[in-house]
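Structure assessment
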Amino acid sequence: MSGMMTQLQRYASLACCAVAAVMTAVGLTSGFVEGGSEAIHQSEQSPIIVEADVAHEWKDGNVSVLVMRGHCRIAQRNVQMQAQKVVLWRKTEKNVRGTIDHLDVYLEDDVHIDTAEQSVNLTSKFVSLETRHGVELNARHRLAIEPATQDGLFQRALSRRRDTKRAVLLQTQLVVEDDPTSGPELQVMPLEPQQGQLRRVRIFPRNTIPYSVLSFESRDTTPAEQVWVLTGGIRMVVDGLERFNTVDLAADRMVIWTESLGEGGFRADPGETFQTSDAPLTVYMEGNIVMRQGQNVVRATHGTVDVRENRALYHNVELRAFVPQLNGDLRIRAERVRQLSQSRFHAQQAWATGSKFGRPGYRVLASDIIFEERYTQPWVGAGTERFDPDTGAPIVEETHWITSLNNTFLVEEVPLLYTPYLSAPADDPGIPLRRIQAKYDNIFGGQLKTAWDMFKVLGLDAPEGTTWDLLADYYSQRGPAAGTATDYHGNNLFGNSDRFRGEGLLYFVHDDGDDNLGFDRRELTPDTTERYRATWRHRHDLPEGLTVFGELGLISDRNFLEQYFENDFDKDKDEETLIGAQQIIDNWAWSALARPQVNDFETTTEWLPRGDLYGLSEPLLGGLLTWSSHTSAAYANLRPGESPTDPLDIYTPLPYVADVGVAVLMSRHEVDAPFSLGPLHVVPYAMGEGAFWSEDFAGDELDRVIGQAGIRSSILAWRVYPYVRSRIFNLNGLAHKILFEADYSFTDSSEGLAGIPQYNEFDDDAQERFRNRFLTNTFGGTLPPVVEPRFYAVRTGAGSAVTVPYHELIDDQQVARFAIRQRLQTKEGPPDHMRIKDWMILDLEAAYFPDSDRDNFGEDLGLLGARYRWNVGSRTSILANASYDVFDGAQELWNVGVLSQRSTRGSVYLGVRQIKAAGIESQIVTASYTYQMSPKWISTFGTAYDFGEGRNAGQSLTITRVGADFLVHFGANYDESKDSAGIALAVEPRFARLKGSQTKLGSLLQDQQTNR
């Protein structure tokens, strides 16, 4: 008897601890008394405020229906209703007493209702409201769609509405009638029991040892409750919940509160029990707690769960929440974690990380962390709208989101930054430092470059499709630098299926040093010490084929871009300031452009403005002929770039540029008459153009008329060798296809090319800058005709087509062009899905000039070209190209190389290139590779040497340490032209999806990610 009493005392003590924990935890059992009601008096007449992130609206007769998601709120003074999902029916009636709005409201997911007298938390709720003072809807994104009557949320709301009696309504404010004797209308908020589906509760031993059970009835509550005390290791599985369907609870000890026992009531014996979803079920747990809900896992020492309300409190917790974008778990460790709804958790004194290691390489330490699912939308536009093909309902995707307070960002155990507020998607770990690089070379000295996420630094929600970085750099031999960069894209800015994208950069350097641009430009004095770059580019695609675009390109001085952004200077488009639009309608298109010169050191044609109209292949005479045209009209000023102030910066004006302008008019038309003679396709054509320039080189008016006639033809021949097979060369049959092409044309122009200024640029700024120096340092100030770029363009026919952007590049000419294009093709892949691939490619070209003295420097043949590619295997290719002319001083260009690529291991390239023309001779050997030496180490190397000039072109080596949390790059490089050697150390956070690597390792790292 004494032992039994001791055991009962332990059970009672555990139950008391559990009761205390439940009462002091999160108020899981607090709320309205079921069936209770309170009259809500309002001393001020106010409308009902309805808020949500996304609202989809349609009409059902005279009733407006709204399906809302994300931070939904319905309020009027001291009445507040909040939920993540809401369906609202609104009907407006007018009578002699004024306008009355009737609202039926269904709330679901994390429902919280507050009045002046009471508060309640529910899984779902249906209420009916009336007001005489209007309804204000404030939705961040409000979309009008076809009725989405098959939406699952709408169906649940409709079923609840049909089952609810509307006899009792909530009057959200005191309404005073004109007749005081009639008295105020007072209504109440009923809290009807929530009728829902059944849930199944199953209880098992946690291990092979049976658990112990003690049960008693508690009459301290109304209605009375049954208390079950279980010890010895218990597992409880609850099925039939609204969203996650199953909650799995396991602990060493449990105390369960539920409704009093009756016939068929709850049982804690092994087996299963069925309850209505509105029946109370609260569980207190101790000892090695594990809770699984969907893909979320919670481990704790003790805690309390209210199954009916989807609320809980855990102590000494680790929460692991699966985030699809991470392809892994987000981990949160905390002293306390409150589960506020099915998918919303509030952690206190916690840290969060996406690292998979027990001791994470990075983490965010915070006083409060809220993990939830949000319905996110971009700042501008409605985003991509997708609809369920079966129901027609809009698909609104939820995003795992973290909001945290008093944040300290730790890498290993080193604090990097503190911010009081942070809000970001869970797949982004919240570390604001995006990149850090330490480097040293002879040009900039010691360098420290950092990029910070501005949304995290400022504690702002990052909009979908947008990045915004703060750049903070320092150069020991130059000075401090700072800037900001952004990249964005989105859809439906105006709600009409439009798309937009853009990028911007603002960068400022206080520079006290000299520029080193290579060889004869190693000590150039900048025009100013305050140097900057301001770039912005935007493109907006609208319906009906209309596109508008705009750019800003402002640079402080001529050499800033080449010194600090060399890759952009060499490969990116020019820095321009312009605005324009274009539209394509079937086979017609128009464009309009306005572009001033804002960088006076760059040669620029100002279009103030310019308009173009294009038409392609318009059928004439029932399709016997086709007509194509291009008409352009512009007010143009050709502005040569200003000469540099530093005498060491070599500069010679280009011979085809002058300070001229005003009207530039052109209209070009071509008529084709295509026909076939068996397999031979023949197209006779005639082209004519009329053009006018207000100023030529001498400042006089100039007009030109051009006539061109010719004939194009082609014929395709092929033969199949089905029995040619080789495992060594990956051959599974072979097909030889040959396309013969020929084009003869005769062109007559009323004005020669030499008298026409080049208003339409054919080079970008980097090439023009090279030509400005090339004239002096290579040819002594006079450009040989054999390398004059405009003459080369005329010989190749670059300006002969109807739609070319540089119509000046055409002159008297008679030429016949020939080409043979060959393909050896085979098949590869599984037998039921074989695909054709080019095994070998060989293209040959040549041109014949009957008037060779005028058109080709005295040689009948010219423009000899060849392109070759042999795909030896699926990963290895042999590449070769050549371009030759045969007159004195002509170009002799060729290159040959071997490329081997393996997406999971890397790539190797070895090639030789020759450049020879007019006294220039260069043979450059190039080698490079990217190789994954092991799962943790990747190396890249590149080298080049010019045997023709006998000089080293440069080398670079980068070794990357691949960690689960970070990429660490060690690099070294040498550039002989600048007499500069450098070393670098860069650290990149690596969080699941690589968003750009300094060593272009994205494919290798993505494969690693997939393999894990």
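Reading guide: rules and limits
Residues numbered from 1 in each chain as written. Predicted model: local features only at pLDDT ≥ 70, side-chain atom pairs only at ≥ 80, totals over all residues. Heavy atoms only, no water. Helix = DSSP H or I, 4+ residues; strand = E, 2+ residues; numbered from the N terminus. Buried < 20%, exposed > 50% of the residue type's maximum accessible area, 1.4 Å probe, protein only. Contact = heavy atoms within 4.5 Å. Areas by Shrake-Rupley, 256 points an atom, 1.4 Å probe, with all protein chains shown as cover. Core = buried A, V, L, I, M, F, W, Y, C linked by side-chain atoms within 4.5 Å. Pairing = 2+ DSSP bridges. Phe/Tyr/Trp six-rings, centres within 6.5 Å; stacked < 30°, edge-to-face > 60°. Lys NZ or Arg CZ within 6 Å of the ring centre and 35° of its normal. Polar contact = N/O pair within 3.5 Å; in protein donor to acceptor, adjacent residues only side chain to side chain. Patch = residues over 30% accessible without salt bridge, like charges linked within 9 Å, V, L, I, M, F, W, Y side chains within 5 Å. Salt bridge = Lys/Arg side-chain N within 4 Å of Asp/Glu carboxyl O. Expected span 1.5 Å × (residues − 1). pLDDT = per-residue confidence, 0-100.

1. Structural notes on the overall build of the protein chain
When helices and strands are tallied, the protein chain shows nine helices and 47 strands. Burial analysis of the protein chain (1012 residues in total) assigns 47% to the buried set. Looking at the protein chain alone, contacts between residues at least 24 apart form 57% of all its contacts between residues at least 6 apart. As presented, the protein chain carries roughly 47800 Å² of accessible surface, and 55% of it is formed by carbon and sulfur atoms.

2. Considering the environment of Ala 157
For Ala 157, the location among the structural elements is in helix H2 (residues 152-163). Its relative accessible area of 0% is what places Ala 157 among the buried residues. Spatially, the C-alpha atom of Ala 157 lies 8.8 Å from that of Leu 88, the residues being 69 residues apart in sequence. Contact partners of Ala 157, with chain neighbours within four places excluded, come to Val 87, Trp 89 and Tyr 106.

3. Some thoughts on the nonpolar core
Ranked by internal contacts, the top residues of the largest apolar core, which has 41 residues, are Met 236, Leu 249, Met 254, Ile 256, Met 285, Tyr 314 and Ile 332. Residue contributions to this core peak at six residues, all from strand E15 (residues 311-323). Setting aside chain neighbours within four positions, we find Met 285 in contact with Leu 249, Ala 250, Ala 251, Arg 253, Met 254, Thr 301, His 302, Gly 303, Val 305 and Tyr 314. Residues Ile 48, Leu 103, Ile 113 and Leu 129 belong to the second largest nonpolar core, which totals 22 residues.

4. Looking at the pairing of strand E27 (residues 546-555)
Sheet topology note: the strand E26 (residues 530-542)/E27 ladder contains 10 bridges and is antiparallel. Bridged to His 538 within E27 is Gly 550. Once E26 ends, the chain turns through three residues before running back antiparallel as E27, passing Glu 544 with a positive phi of about 65°. In terms of strand pairing, E27 meets strand E28 (residues 578-585) through six bridges, oriented antiparallel. The residue of E28 that forms the bridge with Val 548 is Ala 581.

5. Looking at the packing of aromatic side chains
Counted under the stated rule, the structure contains 20 aromatic pairs. With 6.3 Å between their ring centres and 40° between their planes, Tyr 929 and Phe 941 make a pair best called tilted. A residue pair is termed long-range when its members are at least 10 positions apart, and Tyr 929 in strand E43 (residues 920-934) and Phe 941 in strand E44 (residues 937-946) qualify at 12 residues. Among the residues examined, Tyr 929 registers a relative accessible area of 29% and is labelled partly exposed. Of the aromatic side chains, those joined through ring pairs into one cluster are Phe 444, Tyr 475, Tyr 507, Phe 560, Tyr 564 and Phe 565. When the ring centre of Trp 89 is taken as origin, the NZ or CZ atom of Arg 161, which lies over that ring, is 4.5 Å away. Stacked on the ring of Phe 565, the Lys or Arg Arg 533 has its end atom at 4.8 Å from the ring centre.

6. Some details on the side chain of Arg 478
Here Arg 478 lies in the loop between strand E23 (466-475) and strand E24 (479-491). Of the residues examined, Arg 478 reaches a relative accessible area of 2% and is grouped as buried. One polar contact links the side chain of Arg 478 to the main-chain carbonyl oxygen of Asp 514, over a distance of 3.3 Å. Here the side chain of Arg 478 touches Asp 515 through a polar contact of 2.6 Å, side chain to side chain. Residue contacts for Arg 478: discarding those within four places in its chain leaves Ile 443, Phe 444, His 510, Asp 511, Asp 512, Gly 513, Asp 514, Asp 515, Arg 531, Gln 563 and Tyr 564.

7. Focus on a nonpolar patch on the surface
A cluster of nonpolar side chains, namely Tyr 931, Met 933, Trp 937, Phe 941, Leu 957, Ile 959, Phe 970 and Leu 985, defines an oily patch on the protein surface of about 660 Å² accessible area. The set of elements that each furnish at least two residues to the nonpolar patch consists of E43, E44 and strand E45 (951-962). In this structure, Leu 957 sits in strand E45. Judged by relative accessible area, which is 33%, Leu 957 ranks as partly exposed.

8. Considering the pattern of salt bridges
Applying the stated criterion across every chain yields a total of 57 salt bridges. Glu 309 is paired through a salt bridge with Arg 308; the nearest N and O atoms lie 3.3 Å apart. Assessed through its relative accessible area of 11%, Glu 309 is described here as buried. With its nearest N and O atoms 2.9 Å apart, the salt bridge here joins Arg 704 to Glu 689.

9. Topic: helix H6 (residues 765-777)
With 13 residues, H6 extends 18 Å from end C-alpha to end C-alpha; this agrees with the ideal 18 Å at 1.5 Å per step. Taken as a whole, H6 has its buried residues at Asp 765, Ala 766, Glu 768, Arg 769, Asn 772, Arg 773, Phe 774 and Leu 775. The elements touched by buried residues of H6 are helix H4 (560-564), helix H5 (566-571) and E43.

10. Here we look at unusual backbone geometry
Leu 608 connects to Pro 609 through a cis peptide bond whose omega is 0°. Its place among the elements puts Pro 609 in strand E30 (residues 604-620). With phi around 50°, Asp 979 is a residue other than glycine that occupies positive phi space. The topology assignment puts Asp 979 in the loop between strand E46 (966-975) and strand E47 (980-989). The exposure class assigned to Asp 979 is partly exposed, which follows from its relative accessible area of 43%.

11. Structural notes on the confidence of the model for the protein chain
A residue-level look at the protein chain finds 84% of positions with pLDDT of 70 or above and a mean pLDDT of 82. Predicted confidence for residues 379-384 stays below pLDDT 50, and this span has 23 contacts to residues more than four positions away or in other chains.

12. Comments concerning the side chain of Glu 551
Its place among the elements puts Glu 551 in strand E27. Assessed through its relative accessible area of 14%, Glu 551 is described here as buried. One polar contact links Glu 551 to Lys 573, side chain to side chain, over a distance of 3.0 Å.

13. Brief notes about helix H7 (residues 789-796)
For H7, every residue scored as buried is listed here: Pro 789, Arg 790, Ala 793, Val 794 and Arg 795. Residues of H7 that are buried in the fold lie against H6, strand E37 (813-828), helix H8 (852-855) and strand E39 (861-871). With a side-chain oxygen lying 2.6 Å from the backbone nitrogen of Arg 790, the N-terminal cap of H7 falls on Glu 788. Gly 797 sits one or two positions beyond H7 and adopts a positive phi of about 80°.

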